Amino acid sequence: MNTKKRIIIFGATGSVGTTVLEEIACFREHFEVVGVSCHSNIECAEGIIKNFSIGAVAVTNSRISVPKNLCGKIFRGIDGLTAMVESLEFDILVVAMTGIDGLRVVLRAIDRGKTIILASKEILVVAGEMVMNLAKNKGATILPLDSEHNAIFQCTRGDNRFIGRLWLTASGGRFWNQDRQTIENATVTEVLRHPKWSMGKKITVDSSTMANKGLEIIEAMHLFGVEPTRIEVAIHPACTVHSLVEFCDGSFLAQLSPVSMKYAARYCLFYPKRVDAREQSLDLFHLGDLQFFRPDLEKFSCLKLAMEVAQGKQSQRIAYNAANEVAVELFLEEKIALKAIPEIIRDTLTKMEDKNYTTLEEILAVNQMARSRAGQLAKRFF
Ligand code: NDP
Ligand code: MG
């Protein structure tokens, strides 16, 4: 009998996707990759398909041509992801693609009661209530792969009853202790040179503006059912403590591991067990000082804005994410300065109504509206 867990990985060619695949390669006797998705990077996908003998691929960018012999089954476009989830037998879906395009298919997989290993935080930011409620009703398991949330999950093991406060740690990116002018005038090359983490471009920019931590506050409030006022952020440049839980009785638990997504990936893949990896990952005698600093909310106004929208209605959270995405794309195209990103988010938020939504169609429509408003508002910074 085949006892291997069958896995689909969306965003397999990305930074997180390849880390998950590296872990699977270390423990091949436990897992079988049955399907992967990429957006445009056919060459990378081809290598993965051969290496893991994968029978199905989804190429989400419908504008590029795909060789017929790439894989046994080839799905095309964003709808191809849904077709893949509907037609393949699998146990775990890993979601590691940028943006919210995966939202519909994630809801489909949850509806089928599957286990979801979720890296794509944007999905929880825009539709956290819907995703978590559906998972509860259908008995689907959501395992957080984002390192901070994974750390918290390792501390609580799914029991959120005794959480007093959550402490999200932040690397602070490249600029946390720099002056305002240096941050505001930073170039794309400087921003993409993260001191600790090697990640995709979008999240690396988010890390330098601390919008990433803002998104993570909203992600945490949905995952762990904690009000945003009980979620704190601490800059921890060493990136050894990945986050902490302060329990209601005053005790803290923290999760530590080296600066790599592989430990979070490994925990999710083997959950609820732990694999014996026979590895000493940290040398306590050489860790040095574990320091924590309070973030400067005036310097990092994206973080401050996220704290506000976390307490507001869903339309504000959708708009925050959408405006940030648009602004980051423009920054990466060198059309706007880094300092314009919070301005574009703020301007977009003021143009949105304050509302919660119950359907996916409403969420996607509001996201589209916020994106186009942000695009218009950004023009004053060109
Ligand atoms: P990357 O940019 O490295 O990879 C993105 C992946 O998504 C690639 O496989 C890419 O395909 C695919 N992709 C890109 N655009 C689209 C699209 N429009 N539709 C469908 N698929 C698309 O990103 P990361 O791996 O850094 O991040 C992925 C997600 O994980 C993000 O939501 C991020 O916030 C989250 N995350 C990342 C962490 C990290 O350490 N990198 C840590 C925690 C969370 P192709 O390669 O073909 O372009
Ligand atoms: Mg994170």
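Structure shown above.
The paragraphs below set out a description of the structure included in this document.

Here is what the cut-offs are and how they apply
- Residues numbered from 1 in each chain as written.
- Chains lettered and ligands numbered in written order.
- Predicted model: local features only at pLDDT ≥ 70, side-chain atom pairs only at ≥ 80, totals over all residues.
- Heavy atoms only, no water.
- Helix = DSSP H or I, 4+ residues; strand = E, 2+ residues; numbered from the N terminus.
- Rg over C-alpha atoms; globule rule 2.2 N^0.38 Å.
- Buried < 20%, exposed > 50% of the residue type's maximum accessible area, 1.4 Å probe, protein only.
- Contact = heavy atoms within 4.5 Å.
- Donors = N, O, S within 2.8 Å, 3.2 Å for Na, K, Ca; no water.
- Near = heavy atom within 4 Å.
- Polar contact = N/O pair within 3.5 Å; in protein donor to acceptor, adjacent residues only side chain to side chain.
- Areas by Shrake-Rupley, 256 points an atom, 1.4 Å probe, with all protein chains shown as cover.
- Nonpolar A, V, L, I, M, F, W, Y, C, P; charged D, E, K, R; others polar.
- Core = buried A, V, L, I, M, F, W, Y, C linked by side-chain atoms within 4.5 Å.
- Pairing = 2+ DSSP bridges.
- Axes fitted to C-alpha atoms, helices over the stretch in contact; angles between N-to-C directions.
- Phe/Tyr/Trp six-rings, centres within 6.5 Å; stacked < 30°, edge-to-face > 60°.
- Lys NZ or Arg CZ within 6 Å of the ring centre and 35° of its normal.
- Parallel < 35°, antiparallel > 145°, perpendicular 65-115°, else oblique.
- Left-handed = near helix turned anticlockwise from the far one by under 90°.

### Overview of the overall build of the protein chain
Move 1: If you tally the helices and strands in the protein chain, you get 15 helices and 11 strands.
Move 2: Computed over C-alpha atoms, the radius of gyration of the protein chain comes to 20 Å, within 12% of the 21 Å expected from 2.2 N^0.38 for 382 residues, which places it in the range of a compact globule.
Move 3: Seen along its three principal axes, the alpha-carbon backbone of the protein chain occupies a region of about 60 × 50 × 40 Å.
Move 4: The 382 residues of the protein chain split such that 54% are buried.
Move 5: Summarising the internal contacts of the protein chain: among those between residues at least 6 apart in sequence, 69% fall at separations of at least 24.

### Considerations on the coordination of the magnesium ion (ligand 2)
Move 1: At 2.1 to 2.2 Å from the magnesium ion (ligand 2) lie its protein donor atoms, namely Asp 146 (OD), Glu 148 (OE) and Glu 216 (OE).
Move 2: Within one chain, the residues donating to the magnesium ion (ligand 2) are spaced in sequence as D-x1-E-x67-E. Pair noted here: Asp 146 is in the loop between strand S7 (141-144) and helix H6 (147-156) and Glu 216 is in helix H10 (residues 211-224), with a separation of 70 residues, a long-range link. Side by side, Asp 146 and Glu 216 carry an identical accessibility label, which is buried.

### Digging into helix H3 (residues 77-87)
Move 1: Among all positions of H3, only Gly 77, Gly 80, Leu 81, Thr 82, Met 84 and Val 85 are buried.
Move 2: On its buried face, H3 sits against strand S1 (5-10), strand S2 (31-38), strand S3 (56-59), strand S4 (73-76), strand S5 (92-95) and helix H4 (103-111).

### Thoughts on the site of ligand 1
Move 1: Not every one of the 24 residues close to ligand 1 is listed here, only the nearest: Thr 13, His 39, Ser 40, Asn 41 and Glu 122.
Move 2: Between ligand 1 and Ser 15, the relevant distance is 2.8 Å, taken from an oxygen atom to a main-chain nitrogen or oxygen of the residue.
Move 3: Interatomic distance of 2.7 Å between a backbone N/O atom of Ser 40 and an oxygen atom of ligand 1.
Move 4: Contact with the protein chains hides 85% of the accessible area of ligand 1, taken as 900 Å² for the molecule alone.
Move 5: Mapped onto the shell around ligand 1, the elements with two or more residues apiece are helix H1 (15-26) and helix H5 (121-138).
Move 6: Looking at the shell around ligand 1, its residues break down into nine nonpolar, 11 polar and four charged.

### A word on the nonpolar core
What tends to happen in soluble globular proteins is that the nonpolar side chains get buried as a cluster.
Move 1: By size, the foremost hydrophobic cluster in this structure holds 133 residues, and its most contacted members are Ile 9, Leu 145, Tyr 320 and Ile 341.
Move 2: The element contributing the most residues to this core is helix H13 (residues 314-332), with 10 residues.
Move 3: When neighbours within four sequence positions are excluded, Leu 145 is seen to be in contact with Val 16, Val 20, Val 94, Ile 117, Leu 118, Ala 119, Asn 150, Met 261, Ala 264, Ala 265 and Cys 268.

### Looking at the sheet that holds S2
Move 1: Taken together, the seven strands give an open sheet; going across it, the order is S4-S3-S2-S1-S5-S6-S7, and neighbouring strands pair in parallel fashion. The two strands at the open ends of the sheet, each matched to only one other strand, are S4 and S7. When strand polarity is set aside, the average angle formed by the axes of neighbouring strands in this sheet is 20 degrees.
Move 2: Here four bridges tie S1 to S5, and the two strands are oriented parallel to one another. Each bridged residue has a counterpart across the sheet, and for Ile 8 the counterpart in S5 is Leu 93.
Move 3: Across the sheet, H1 touches S1, S2 and S5, and the angle it forms with S1 is around 160 degrees.

### Section: the side chain of Asn 367
Move 1: With respect to the element layout, Asn 367 can be found in helix H15 (residues 360-378).
Move 2: Given a relative accessible area of 6%, Asn 367 falls into the buried group.
Move 3: Leaving out residues up to four positions away in the same chain, Asn 367 has contacts with Ile 100, Ile 318 and Ala 322.

### As for the side chain of His 242
Move 1: Positionally, His 242 belongs in strand S10 (residues 241-247).
Move 2: When its relative accessible area of 5% is taken as the criterion, His 242 is described as buried.
Move 3: For His 242, the residues in contact, after removing those within four places along its chain, are Ser 147, Glu 148, Ala 151, Thr 169, Trp 197, Gln 255, Leu 256, Ser 257 and Pro 258.

### What about the packing of aromatic side chains?
Move 1: Scanning the entire structure with this criterion turns up six aromatic pairs.
Move 2: Look at Phe 31 and Phe 270: their rings are 5.1 Å apart centre to centre, the planes differ by 75 degrees, and that puts the pair in the edge-to-face class. Here Phe 31, found in strand S2, pairs with Phe 270, found in helix H11 (residues 262-270); they are 239 residues apart in sequence, far enough to count as distant.
Move 3: Over the face of the ring belonging to Phe 52 we find Arg 28, whose NZ or CZ atom lies 4.6 Å from the ring centre.

### Side note on the packing of H13 against H15
Move 1: Two elements in contact, H13 and H15, have axes whose closest approach is 8 Å; the angle formed by their N-to-C orientations is 45 degrees. Of the possible angle classes, the one that applies to H13 and H15 is oblique. Considering only the axes of H13 and H15, their crossing is right-handed. Here H13 contributes Gln 314, Ile 318, Ala 319, Ala 322, Ala 323, Glu 325, Val 326, Glu 329 and Leu 330 to the contact with H15, which in turn contributes Ile 363, Val 366, Asn 367, Ala 370, Arg 371, Ala 374, Gly 375 and Ala 378.
Move 2: Looking at the contact of H13 with H15 residue by residue, the class counts come to 11 nonpolar, three polar and three charged.

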